[in-house]
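The chain contents come next:
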Amino acid sequence: MLSTQRWSEQGLALLQLLLVASFSRAEERECSLMGEPEEPQLFKTGDIILGGIFTFHSSWRNIESTYMHRPLPLQCTSLNFRGFQFAQAMLFAIEEINNSTDILPGIELGYKIYDECGSIARAVRVALSLINGNEDTATMSEKPCSGSVPAIVGVTSSSPCMAISTVIGPFHTPLVSHFATCACLSDKVRYPSFLRTIPSDYYQSRALAQMVKHFGWTWVGAIRSNDDYGNNGMAIFTETATQLGICLEYSLPFIRTDPPEQKQKIIETIKGSTSKVIIAFLNHMDMDVLIEEFAHHNLTGYQWVGTEGWISDSQIAIAKGHNILDGSIGLAIRKAHVTGLRMFMLDVKPLNSSGNKLFTEFWETTFGCIFNHVKQTGGNLKGCTGYEDLTGMKNSFNDMSLMPIFNNVYKAVYAVAHTLHNILGCGEICSNTTASDQQVILQRLKQIRFKTKEGEEVYFNENGDPAAKYDIINWLPKMDGSVEFVTIGLYDASLPEDKQLNLDNKTFNWANNSKQVPVSVCSGTCALGTRKVLQKGKPVCCYDCIPCAEGEVSNTTDSITCVRCHPEFWSNERRDECEKKETEFLSYTEIMGAILTLSSLLGACLTATVALIFFRHRNTPIVKANNSELSFLLLFSLTLCFLCSLTFIGRPSDWSCMLRHTAFGITFVLCISCVLGKTLAVLMAFKATLPGSNLMKWFGPRRQRIVVLAFTFIQVVICIVWLTAKPPYPFKNFRHFKDKIILECALGSPIGFWAVLGYIGLLALLCFILAFLARKLPDNFNEAKFITFSMLIFCAVWMTFIPAYVSSPGKFSVAVEIFAILASSFGLLFCIFIPKCYIILLKPERNTKKNMMDKKS
């Protein structure tokens, strides 16, 4: 609490001191510049001064501060010829405008061009110098930033642009960059006064991803500049690549000031990787450092994909170890030509008047000489005359491969000039020579639209970006070791997405001078009939190809799922097509069906033959002995039993399904009823021979017929109820066999089916019991023992049928049912009628009334 009070007292004292100082200097009302003012490297007076910031030096000398005195100014080193080229492009545009009567007539444009020296801090400092006029003092009555330039042109990299735009944004001073491509700079909330004449990396990153996808590369590595340019660009590429099904095996940051350990890490990562394509989202300075390291470790055989930062850079193409990049492809700013710019750029002597120190350093570095020869302390440096021939030199300054970038500087200057032309109301001559406030300039600059003398249209979208168009470049090595940048296509972001990437129909040059497109995938293409299964712990591009399961197919490559076939179809052996399943039913044409059919017909024929024999001998005692009417009815029903089995053979239909079970049920009940009637007749006949018995009076032929009809009628009622409630119907069974369809008759109502069978079984059991009771009747008269044996066979067959029927699949269940019908029918035929036929045909002497009436003791 005491500490807080002490600080409050000190704060009040300081405030009072400031107020006293303010009132004591109220008459002066003047602000003073702290530190030494920044002097421009190139300067020319004019009616309107344009600002420029370029990288004349790419590095600076570190000076350790002792904190004993004011820090010394930054000492820039490593002269950068590209900065000179960009500055010359700006000067060319200004000179062309000053000599033109069509734009800003009567107004002389001047310039102040500073060196950012590769330092963001210095870039911000010189930008502030441009917007405040760099005056030593300023009175409070003057407008803020009254010495401000209308716009700043230049700033090569994205990071300095972000820093500068953040600082000058509140003052609405436009910054028009020719080479800052970071997509983040399109954010007008954070960078409201930033514009550029080079497309945003948003489009370049998406274009790279589309190009990688086009060539079928789904498994790639990436190296990026560890700055706003590389990190933001790679982030957009990664997002787009993921949407397109492309995976990054690795993504490594690098900047030229990294220690050797980082370079070694990158090399080891590449050597240990399985991807064969490397996306290099690097600026030319970082790429220049990496090339030598890669060449030293012989990292050949990789397909490089580059950005506009280095893909068309002629200095990269002649750097030591550049051959490892042979076959590279990438995006470059579209080719451009500016008439007269080349000759102007090579004529640097006018720089001597606008920036003597810079001109001196440039000249001495270019020709390896020194102007003040007296100050030379040693070495073999010759003196400079200032008349050396620059056109005969072969260095990066003479290289015009960056003409598209020079054109961007040219367009930036003209955009500002056209804006000023419109604001100043220029006609044949400008009515005003003083530009309005910065906010008006910025708004009008965003709306500007014009064509250059070469016919190129220049304008900015709502984000301050130009139209995104790129040439697609392929590195073609020549016999002399040099590299030719061959344009193999075009990317135009203004077109529909499926038409943005347009590649020429010709053979490209790939890594190792191959003519075949390199393959870079984590896992190969999954063939038809297989599906992808992701490998555990790996990206989605790494997978195994698993064959589809039975009944499933995949008819496209790289399918992620297998599609189950329709129940009536089944997969072929290759699992790439569904084929119609084979339908199976018990047919007349197959061996089993033919055998059962012949057996059925044979049984019917035998029964008919027996009936014929009985008819011809109908008056003989053995036929008349036991109600011949029931015998003929039994033979008729047996014939129907044999024939009803034929309804079980053939393709099931609505009528056949209903007929087969009902016909079988009714005919068998009729048959068993007849046997039951004969059994009862035997019993009644035996009992009737006892004294005082009149049973035969109550169980004569008429009553026997009633019994047969009554028992049969009950089965008919059961069948009618079954067919009415829930009849059998044709059914396609898919359960028993995976690759077959079993055509069968569904029972409809299982209760109805088992009621029919149960009723037959009940009658058969009753018949068996009665026949068993009558088995000890006199042998010559007794037919009960044959009925007993036939019923024993019948019951055994149908008791065996039940488990066999339930467990048999498909058509075999039908065959089991037919076999049961035939077996039981043959059992009745043979057991009841064959012995009688034996006597009729082979033992006629026993076919007498006397023999029938004899009793054996």
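Structure report, in brief. (Residues numbered from 1 in each chain as written. Predicted model: local features only at pLDDT ≥ 70, side-chain atom pairs only at ≥ 80, totals over all residues. Heavy atoms only, no water.)

1. Some points on the layout of surface pockets
What the largest pocket holds in volume is close to 1000 Å³. Taken together, 32 residues make up the lining of the largest pocket; nearest its centre are Glu38, Leu72, Pro73, Leu74 and Arg122. Among the secondary structure elements, those contributing two or more residues to the lining of the largest pocket are strand E4 (57-61), helix H3 (120-132) and helix H12 (356-367). (1 Å grid on protein atoms, 1.4 Å probe; cavity = no way out; pocket = protein on both sides within 12 Å on 5 of 7 lines; lining within 4 Å. Points joined across faces, edges and corners; volume = space filled by probe spheres on them. Helix = DSSP H or I, 4+ residues; strand = E, 2+ residues; numbered from the N terminus.)

2. Points about the state of the cysteines
Evaluation of the coordinates by the stated rule reveals ten disulfides. Residue Cys565 pairs covalently with Cys578 via a disulfide, S to S 1.9 Å. One disulfide, between Cys565 and Cys578, carries an S-S torsion of -85 degrees and so falls in the left-handed class. Placement of Cys565 in the loop between strand E26 (563-564) and strand E27 (569-571) and of Cys578 in strand E28 (residues 578-580) is noted, with a sequence separation of 13 residues between them. The exposure class of Cys578 is partly exposed, given its relative accessible area of 27%. Lacking any disulfide linkage, Cys641 is separated from the closest cysteine sulfur, that of Cys671, by 4.7 Å. Relative accessible area serves as the criterion here: at 0%, Cys641 is assigned to the buried category. (Disulfide = S-S within 2.5 Å. Buried < 20%, exposed > 50% of the residue type's maximum accessible area, 1.4 Å probe, protein only.)

3. What to know about the side chain of Ser205
Tracing the backbone shows Ser205 in helix H5 (residues 201-214). Residue contacts for Ser205: discarding those within four places in its chain leaves Gly233, Ile236, Phe237 and Phe281. (Contact = heavy atoms within 4.5 Å.)

4. A word on a nonpolar patch on the surface
A contiguous nonpolar patch, built from Leu602, Leu606, Phe830 and Ile834 and spanning about 320 Å² of accessible area, is present on the exposed surface. Listing elements by their share of the nonpolar patch, those giving two or more residues are helix H15 (591-616) and helix H23 (811-842). You can call Leu602 partly exposed: its relative accessible area is 48%. (Patch = residues over 30% accessible without salt bridge, like charges linked within 9 Å, V, L, I, M, F, W, Y side chains within 5 Å. Areas by Shrake-Rupley, 256 points an atom, 1.4 Å probe, with all protein chains shown as cover. Salt bridge = Lys/Arg side-chain N within 4 Å of Asp/Glu carboxyl O.)

5. A word on the packing of aromatic side chains
Evaluation of the coordinates by the stated rule reveals 27 aromatic pairs. Ring centres 5.5 Å apart and planes at 75 degrees place the aromatic pair Phe614 and Phe833 in the edge-to-face group. With Phe614 in helix H15 and Phe833 in helix H23, this pair connects stretches of sequence that are 219 residues apart. An aromatic cluster is present here, built from Phe56, Phe81, Phe84 and Phe362 joined pairwise through their rings. Arg449 extends its terminal NZ or CZ atom over the ring of Tyr459, reaching a point 4.0 Å from the ring centre. (Phe/Tyr/Trp six-rings, centres within 6.5 Å; stacked < 30°, edge-to-face > 60°. Lys NZ or Arg CZ within 6 Å of the ring centre and 35° of its normal.)

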